[in-house]
Amino acid sequence: MGVGGEAAAADAAAVSAPAAEEAGKDGAEGWLVPVRLNKYVVLIWVLCAACVWALMHHYFHNAAISKAEEGLVSMCEERARMLQDQFAVSVNHVHALAILVATFHYEKQPPALDQDTFAEYTARTSFERPLLSGVAYAQRVVHADRESFERQQGWIIKTMKHEPSPVQDEYAPVIYSQETISYIEGLDMMSGEEDRENILRSRASGKAVLTRPFRLMSNHLGVVLTFPVYVHDLRPDAKVEDRVAATAGYLGGAFDVESLVENLLKQLAGNQELVVNVYDVTNNSNPLVMYGSEVPLGNPSPSHTSMLDFGDPYRKHHMICRYRNKPHVPWSAISTPCGVFVIFMLVGYILFAAWSHYDKVKEDCRKMEELKKQAEAADVAKSQFLATVSHEIRTPMNGVLGMLDMLLDTDLKSTQRDYAQTAQVCGKALISLINEVLDRAKIEAGKLDLESVPFDLRSILDDVISLFSSKSRDKGIELAVYVSERVPEILLGDPGRFRQIITNLVGNSVKFTERGHIFVQVHLADHSNLATEAKVEPVANGMNGHKDETTAVATGVSRNTLSGFEAADSRNNWENFKLLLSYEKNEMPYESVSDKVTLVVSVEDTGIGIPLDAQGKVFTPFMQADSSTSRTYGGTGIGLSISKCLVEIMGGQINFVSRPHVGSTFTFTAVLQKCDRSTISDSKPVMLHPLPSNFKGLSALLVDRRPVRSTVTKYHLQRLGITSEVVTTIESALGVLSGRNGHSLASMKLPCMLLIESDSWSSRMDVSLRSRLLEVKQNGHTPVLPKIILLAAAESDKLKANYAVDSVITKPLKASTLAACLFQALGITQTQPSQEKRDSSGSLRGLLLGKNILVVDDNKVNLRVAAGTLKKFGAKVECVDSGKDALALLQIPYKFDLCLMDIQMPEMDGFEATRHIRAMEAKVNEQADAGDNSEVDGATRAAKWHLPVLAMTADVIQATHEECTKCGMDGYVTKPFEEKQLFQAVQKFS
């Protein structure tokens, strides 16, 4: 089957490919002729325009670069000048401090300056020297005075390595220091080679001397500024010997060059555009970086060098400035050439368009024709692909459902039958889901047509309950359904689509409900208070009448519901439900001039509810409340949108009332038609699920303290013909049985069963209930003890073992499950199916009894299913697994009355086999009409030969159905086929 489907799809795509390719070649050859004539002219024109653009761009670009270089020179010189000025200011502050030391330390006797005074003064005036990390004063000490100096200071002179200073001509120990550099006190500044040279140069010149750049304690690059301190003032032209003799000490400071440059650049505009580097170039072969990065820039750009004079004639410095990024090309260097280029191209385009317009139109027409052929081929391939997918998915499902149907025809226990029926219902629901996926294109195109067939609404709701019974039991929630007595038993409409809506709503409720109940109600719209528009107070800008979470809580909500949990719709309580029941009992039977029936269906749950901000997009396809909903609960968010579409097609509306953390109630209306049993024709049969009549006339006593729940139980008992009376406690039930306390059974027969809800039962009831029932029997109030049956949501076998009861009925309740359990509990023998079902089966049996039928299918399971189904109705079946084998058996005169032919088979599919059959029949019929007696016998000439051939198709694509008719088939049945469908297809040939 898969091979045949894939081959068919490949053939469909291959048919259109050669034709499209041939047409493309012919059109392309005609198009290339003018292209060859035009491309050289176009190329020359474009090259000329490009040359003009390049020349203009080069001119504007060079002008912009020159302007950028001029600006760079100006900005670099400005920065160099300001850097020198600020450095000179800092040097002047150090010079002033040197004069201070000379004045108060040497000219005052005794000296007016000590370490504490110096440290306090330098700390308080540090704001004048923001670029100096610290200053210190080192006194000049000759070797002859070293011993007395150390004795006076109380410490010995140490080197930079904190070792005792070796003997030398003179020393420069630090006696005063700022607190930030107090650690250098007592260190000999002349113990370092470079420091010694700087000190000697400083006292010889009388000017500030700088060291090479090095890392300060702040990790910034800096230099040490050394200034001599003289005992008395010297003339500007004093000799070196005089300066050396007058030297008293040396004042030094650590100068932060990086901070100086940073502060300067922050004050100037355009800092972001420039990269500034400051170098010590005393040694030209090895310049030292004082500021900036040593890593060169990635993009080369113009640069400018400005010389710096920091006052030290020995040290040479300069500043290099360059743009951070390569100068941008000015907009004029692009826009003006581009404008000229565009003008050139527009003129050329106008000429070219006028020249080649006709050829272009021809090419467009050729491409459109080619695309049309490709689209047609793709459409054929798409239809074939959908047909193949449908066939491949439905074929194994045909085997599953067919085998389940055959299993149900065997003798099964009640529990086994219920399991098999549930599996069959689930399989049918899966087939329905596959049909929905394949019909999605019809929904989007607005071409979805609804069926109009008779169906039993109550049976459909029982099937939906079966789908979710296991999940509801696992979660421990009540799942119940109630249909008003005034709703007709049989309605005319689309049962599949109605089931789909109910399944989507109930499925969502089960998914999002963790406690409480799910309650499905069906009423007529004439007296129902379950209107689609919720009765809520209007609040501006609110959803469902609630402006926010705090106002979403309704007032006066009764908790007398199915499970006792609060419902989202305040009208879903016992008072309104009781009002509906009174309409059913007191009103006349439903009569209407019109044949239409408007149903109001509500699905109520006590789940998590819908957030207020998400309620506006509930019916939007593929949308959920939030992203966590899909991760936590799963789902695609398409069910409600499909349900809304189907409800509107049915002529109804759908709405909801939801409150977060309380629950949701979805309500929709559907317009259907009434249908009496007498009007059901054989051509349009209805597949009913008749309930057994063995329980008619029986009575039951129900113990349930929740009135809504007890009404639902009475509804299911009433469907089986069992009358019931409800009491709230077991004590009341015993009073009814014994006739005490005013209780009486006058209105009903003695109950043969006592149904007790699990929440009304306690473990202490086991012995006492049995003993009190025996007392009632011994007192003559009841000749036979009623069967004690527990209604619970847990597994029946476990509860029956734990409690002293005769049977346990597992919820959710539905008529078939209730009947199966009552058969077992009451020991009643189940009778044959109702006469209605026998009549329906008998009509098909009458058509197929004794008929010879050939079944052709390459799937062994499908052959078994088809053969088993047909033999059940009395047909004689022969099976083959290929089209060639079928042709070998189908020789005139035929020995078969009907042929069921699969479509997709290897070697020879059903279409080809049918064409061979029709060709053979046509040849024989022509010979019979011509009176050629040499090749046909009398029996062959008796009538025109035409063997009914029905396609067994697993897809529901319209194109497949049309192909069946085109190749000569007489009809089709979709797999898995059912009794109703088979009857409709076969009766045309009877």
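Residues numbered from 1 in each chain as written. Predicted model: local features only at pLDDT ≥ 70, side-chain atom pairs only at ≥ 80, totals over all residues. Heavy atoms only, no water.

This part covers the overall build of the protein chain. A tally of helices and strands in the protein chain yields 26 helices and 29 strands. Relative to its 990 residues, the protein chain shows a buried fraction of 45%. Within the protein chain, residue pairs in contact and separated by at least 24 positions form 73% of the contacts whose partners lie at least 6 positions apart. Roughly 50,200 Å² of accessible area belongs to the protein chain as shown, and the carbon and sulfur atoms make up 55% of that amount. (Helix = DSSP H or I, 4+ residues; strand = E, 2+ residues; numbered from the N terminus. Buried < 20%, exposed > 50% of the residue type's maximum accessible area, 1.4 Å probe, protein only. Contact = heavy atoms within 4.5 Å. Areas by Shrake-Rupley, 256 points an atom, 1.4 Å probe, with all protein chains shown as cover.)

Let us now look at the environment of Leu72. On the secondary structure map, Leu72 appears in helix α1 (residues 2-106). Exposure remark for Leu72: the relative accessible area of 1% places this residue in the buried category. When the C-alpha positions of Leu72 and Pro302 are compared, they lie 8.1 Å apart, and in sequence the two are 230 residues distant. Residues within four places of Leu72 in sequence aside, it is in contact with Leu274, Pro302, Ser303, His304, Cys321, Arg322 and Tyr323.

This paragraph deals with a nonpolar patch on the surface. A grouping of Val41, Val42, Phe352 and Trp355 is seen on the molecular surface, where their side chains present a nonpolar patch of about 350 Å² in accessible area. Listing elements by their share of the nonpolar patch, those giving two or more residues are α1 and α7 (331-408). With respect to the secondary-structure elements, Val41 resides in helix α1. Given a relative accessible area of 46%, Val41 falls into the partly exposed group. (Patch = residues over 30% accessible without salt bridge, like charges linked within 9 Å, V, L, I, M, F, W, Y side chains within 5 Å. Salt bridge = Lys/Arg side-chain N within 4 Å of Asp/Glu carboxyl O.)

Here we take up the state of the cysteines. Here is the idea: a disulfide is a covalent bond, and it sits between the sulfur atoms of two cysteines. This structure, assessed with the given rule, holds 1 disulfide. Between the sulfur atoms of Cys76 and its disulfide partner Cys321 the distance amounts to 2.5 Å. Note on the Cys76 and Cys321 pair: the S-S dihedral is about 75 degrees, so by sign convention the disulfide is right-handed. Pair noted here: Cys76 is in helix α1 and Cys321 is in strand β12 (residues 317-323), with a separation of 245 residues, a long-range link. Each of the two residues, Cys76 as well as Cys321, counts as buried. Among the cysteines around Cys48, which has no disulfide bond, Cys51 carries the closest sulfur, lying 6.5 Å off. Classification of Cys48 by relative accessible area gives partly exposed; the value is 43%. (Disulfide = S-S within 2.5 Å.)

Below, the discussion takes up the side chain of Ser509. Counting through the fold element by element, Ser509 comes out in helix α11 (residues 495-512). Beyond its immediate sequence surroundings of up to four residues, Ser509 is in contact with Ile518, Val603 and Asp605.

Turning our attention to the UniProt feature "modified residue: 4-aspartylphosphate" (unreviewed entry) in the protein chain. Per the UniProt record, "modified residue: 4-aspartylphosphate" (unreviewed entry) is found at Asp902. The residue Asp902 is located in strand β27 (residues 898-902) in this model. Assessed through its relative accessible area of 0%, Asp902 is described here as buried. (UniProt positions renumbered as here; feature names shortened; annotations may be inferred.)

The alternating pattern of strand β11 (residues 303-308) places His304, Ser306 and Leu308 on a buried face and Ser303, Thr305 and Met307 on a face that is not buried. Here 6 bridges tie β11 to β12, and the two strands are oriented antiparallel to one another. The residue of β12 that forms the bridge with His304 is Cys321. (Pairing = 2+ DSSP bridges.)

By the definition in use, this model includes 18 aromatic pairs. Here Phe118 and Tyr176 contribute two aromatic rings whose centre-to-centre distance is 5.6 Å and whose plane-to-plane angle is 25 degrees, an arrangement assigned as stacked. With Phe118 in helix α2 (residues 115-124) and Tyr176 in strand β4 (residues 174-177), the pair connects residues that are 58 residues apart, well separated along the chain. Since its relative accessible area comes to 2%, Phe118 is described here as buried. An aromatic cluster of at least three residues, connected via ring pairs, comprises Tyr482, Phe519, Trp574, Phe577 and Tyr715. Between Arg146 and the ring centre of Tyr171, over which it is positioned, the NZ or CZ distance is 4.8 Å. (Phe/Tyr/Trp six-rings, centres within 6.5 Å; stacked < 30°, edge-to-face > 60°. Lys NZ or Arg CZ within 6 Å of the ring centre and 35° of its normal.)

Tallied over the full model, the rule gives 32 salt bridges. Taking the shortest distance from any N to any O, the salt bridge between Glu648 and Lys644 comes out at 2.5 Å. Residue Glu648 and its partner Lys644 are located together in helix α14 (residues 639-649), separated by 4 residues, close to a single helical turn. Given the relative accessible area of 28%, Lys644 is considered partly exposed. Note that Lys860 and Asp881 form a salt bridge whose closest N and O atoms lie 3.0 Å from each other. Pair noted here: Lys860 is in helix α21 (residues 860-872) and Asp881 is in the loop between β26 (876-880) and α22 (883-889), with a separation of 21 residues, a long-range link. Salt bridges here are not isolated pairs; linked through shared partners, they connect Glu478, Asp704, Arg705, Arg709, Glu757, Asp759 and Lys811.

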